[in-house]
Amino acid sequence: MTSPTHKFLVSALVVVAALGAASAAAAAPADKPSPPVKWAGDFGPPQGAPIHAVLTSPPNVPPPTGRKAPAKVIVELEVVEKDMAISEGVSYTFWTFGGTVPGSFIRVRQGDTVEFHLKNNPNNKMPHNIDLHGVTGPGGGAASSFTAPGHESQFTFKALNEGVYIYHCATAPVGMHVANGMYGLILVEPPEGLPKVDHEYYVMQGDFYTTGKYREKGLQPFDMEKAIDERPTYVLFNGAEGSLTGDKAITARTNETIRLFVGNGGPNLVSSFHVIGAIFDKVRFEGGTNVQKNVQTTLIPAGGAATVEFKTKVPGSYVLVDHSIFRAFNKGALAIMKVSGPEDKTIYSGKELDSVYVGDRSQANLNAVVTATRAAATGTLTKEDQAQAGQALFSGTCSVCHQGNGAGLPGVFPPLAKSDYLATDPQRAISVLLHGLAGKVTVNGTEYNSVMPPMNQFNDDEVANILTYVLNAWGNPGGQIHADDVRKVRAAKAAAPAATH
Ligand SMILES: [Cu+2]
């Protein structure tokens with residue numbers, strides 16, 4: 001029953017099992033995506049010369065195919081294992097499809113015959129394969145594409161169903177291959193193409209498991225135990241903290257239509273995908289054909305995807321998050337879309353909430369933090385390195401309460417600028433950061449009776465750098481706090497749990 005047009009079919013495992021004698025004439029022009037249309041998806045043999053698919057790296061999406069007839073599309077994807085930054089000063093050995101996490105975006109048209117070439121770079125250590133959820137056939141291509149380092153596999157399938165689909169590696173241990181970044185998206189356009197929009201972007205969430213803590217510097221190995229327990233160290237968009245913030249933020253102008261192809265590679269977590277300050281006009285939830293309108297947060301399962309569309313009305317920074325919100329603020333699941341253009345005060349009164357929401361991520365980058373870490377590792381850390389790193393971390397975290405100029409807020413947040421509390425005993429401030437502060441304190445003759453939450457998301461070196469910055473800013477007495485000082489305070493508290501009150 002396989003059509004005679006598949007003469008190039010190399011591995012017959014996949015493909016066309018359910019094709020039958022589907023008539024191309026049954027293909028309905030699907031202008032409105034619902035109710036679900038039963039099209040066979042086979043529009044006959046590929047026409048014209050074979051086409052080489054344009055693959056793009058995230059957050060870019062290939063242009064529409066613009067084709068009116070089925071074609072033979074050749075996809076060449078190379079698996080590359082490589083060290084890349086997962087956060088500032090933190091690197092990780094990712095396994096990638098095409099050198100990026102997520103992997104290259106693939107775009108074809110429904111009815112296309114896809115000739116897939118999977119290459120495994122000779123410098124790689126592991127065998128890999130690919131399971132495309134857009135393939136109809138056992139294993140989604142996985143069995144046909146098992147490829148050792150330095151080898152290439154080829155298989156062919158017909159893209160029968162339109163939609164946006166995940167692909168991922170399915171080589172044992174599958175969880176580990178996926179956790180190392182081996183996933184991406186393939187879009188199968190409907191025959192008439194998708195409605196035109198101003199911008200299309202590619203965003204994909206994934207959870208990562210490192211032996212070191214969140215933001216612990218250096219090359220961090222994969223932690224199998226954390227992965228099995230589903231306790232991610234990082235939850236990220238596009239494979240790195242800061243991959244879509246600062247000067248890497250995605251951009252648009254006001255009064256434009258944005259389409260995001262949002263995938264979730266997992267391996268474990270389900271994403272509650274939300275854009276702070278926007279409402280999705282349309283969501284093709286679960287990547288399916290039905291459209292849901294006026295959605296605030298859409299659920300994206302591990303191994304699933306959605307297409308969301310919205311119009312930008314007011315300029316400013318919009319924050320993409322997993323609304324399981326600790327993931328956004330303490331594990332990295334945060335990206336920015338910068339919208340420029342004229343204000344519309346009838347829709348929104350203004351005032352940029354960037355730093356409040358985004359914290360230290362509103363900065364273009366945290367280069368100073370990396371510099372300080374490197375210097376600490378080589379024993380050349382100066383007070384200036386520390387203060388610069390500390391400043392980057394202070395803004396957006398401490399500044400939310402104590403203000404960027406350290407002046408505090410009368411009656412609510414005590415000043416750090418010229419604070420006698422701080423000057424009297426700088427070492428005491430270490431404990432304030434690690435354990436928080438509650439109850440009455442007097443700063444410069446004024447009494448405060450409030451609560452400062454513990455800032456123990458920071459590592460020892462980060463606490464030292466922040467305090468060194470504070471001690472040397474705004475007319476404070478100067479001085480230096482070392483990571484060792486912080487380590488001692490942390491250890492002392494841990495050793496004496498009874499010492500409360
Ligand atoms: Cu793999």
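Right above here is the structure, for reference.
Summarised in this report is the structure supplied together with it. (Residues numbered from 1 in each chain as written. Predicted model: local features only at pLDDT ≥ 70, side-chain atom pairs only at ≥ 80, totals over all residues. Heavy atoms only, no water.)

1. Side note on helix α6 (residues 383-394)
- In this model α6 runs 16 Å from its N-terminal to its C-terminal C-alpha over twelve residues, within 8% of the 16 Å that 1.5 Å per residue would give.
- Burial in α6 covers these residues: D385, Q386, A387, A389, G390, A392, L393 and F394.
- In this fold, the buried residues of α6 make contact with α5 (367-378), α7 (399-402) and α10 (460-471).
- Note on α6: the residue one or two positions beyond its end, G396, has a positive phi of about 90°. (Helix = DSSP H or I, 4+ residues; strand = E, 2+ residues; numbered from the N terminus. Expected span 1.5 Å × (residues − 1). Buried < 20%, exposed > 50% of the residue type's maximum accessible area, 1.4 Å probe, protein only. Contact = heavy atoms within 4.5 Å.)

2. Overview of the sheet that holds strand β12 (residues 234-237)
- Read from one edge to the other, the open sheet built from six strands follows the order β12-β10-β14-β19-β16-β17, with strand pairing classed as mixed. Looking along the sheet, the strands with just one partner apiece sit at the ends: β12 and β17 (292-295). Between one strand and the next, the sheet's axes are offset by a mean angle of 25°, whatever the strand orientation.
- By the bridge criterion, eight bridges tie strand β14 (residues 257-266) to strand β19 (residues 304-311) in an arrangement that is antiparallel. What sits directly across from G263, in β19, is A305. (Pairing = 2+ DSSP bridges. Axes fitted to C-alpha atoms, helices over the stretch in contact; angles between N-to-C directions.)

3. Looking at the pattern of salt bridges
- If you walk through the whole model with that rule in mind, you get 17 salt bridges.
- Between E200 and R259 there is a salt bridge whose closest N-O contact spans 2.6 Å. You can see E200 sitting in strand β10 (residues 199-208) and its partner R259 sitting in strand β14, a full 59 residues away along the chain. Considered together, E200 and R259 belong to a single accessibility category, that of buried residues. (Salt bridge = Lys/Arg side-chain N within 4 Å of Asp/Glu carboxyl O.)

4. Here we look at the packing of aromatic side chains
- Enumeration according to the criterion identifies 15 aromatic pairs in this entry.
- Ring centres of F94 and F208 lie 5.8 Å apart, and the angle between their planes is 75°; this geometry places the pair in the edge-to-face category. With F94 in strand β3 (residues 90-97) and F208 in strand β10, the pair connects residues that are 114 residues apart, well separated along the chain. The exposure classification of F94 matches that of F208, with both residues buried.
- When the ring of F155 is compared with that of F157, the centres are 6.2 Å apart and the planes differ by 25°; the resulting orientation is stacked. As far as burial versus exposure is concerned, F155 and F157 are alike and both buried.
- Linked through ring pairs, F237, F273, F280 and F310 together constitute an aromatic cluster.
- In this structure, R428 packs its charged tip against the face of Y421, placed 3.7 Å from the ring centre. (Phe/Tyr/Trp six-rings, centres within 6.5 Å; stacked < 30°, edge-to-face > 60°. Lys NZ or Arg CZ within 6 Å of the ring centre and 35° of its normal.)

5. Quick word on the pairing of strand β22 (residues 437-443)
- Sheet topology note: the β22/strand β23 (residues 446-452) ladder contains seven bridges and is antiparallel. The partner of T442 across the bridge, within β23, is E447.

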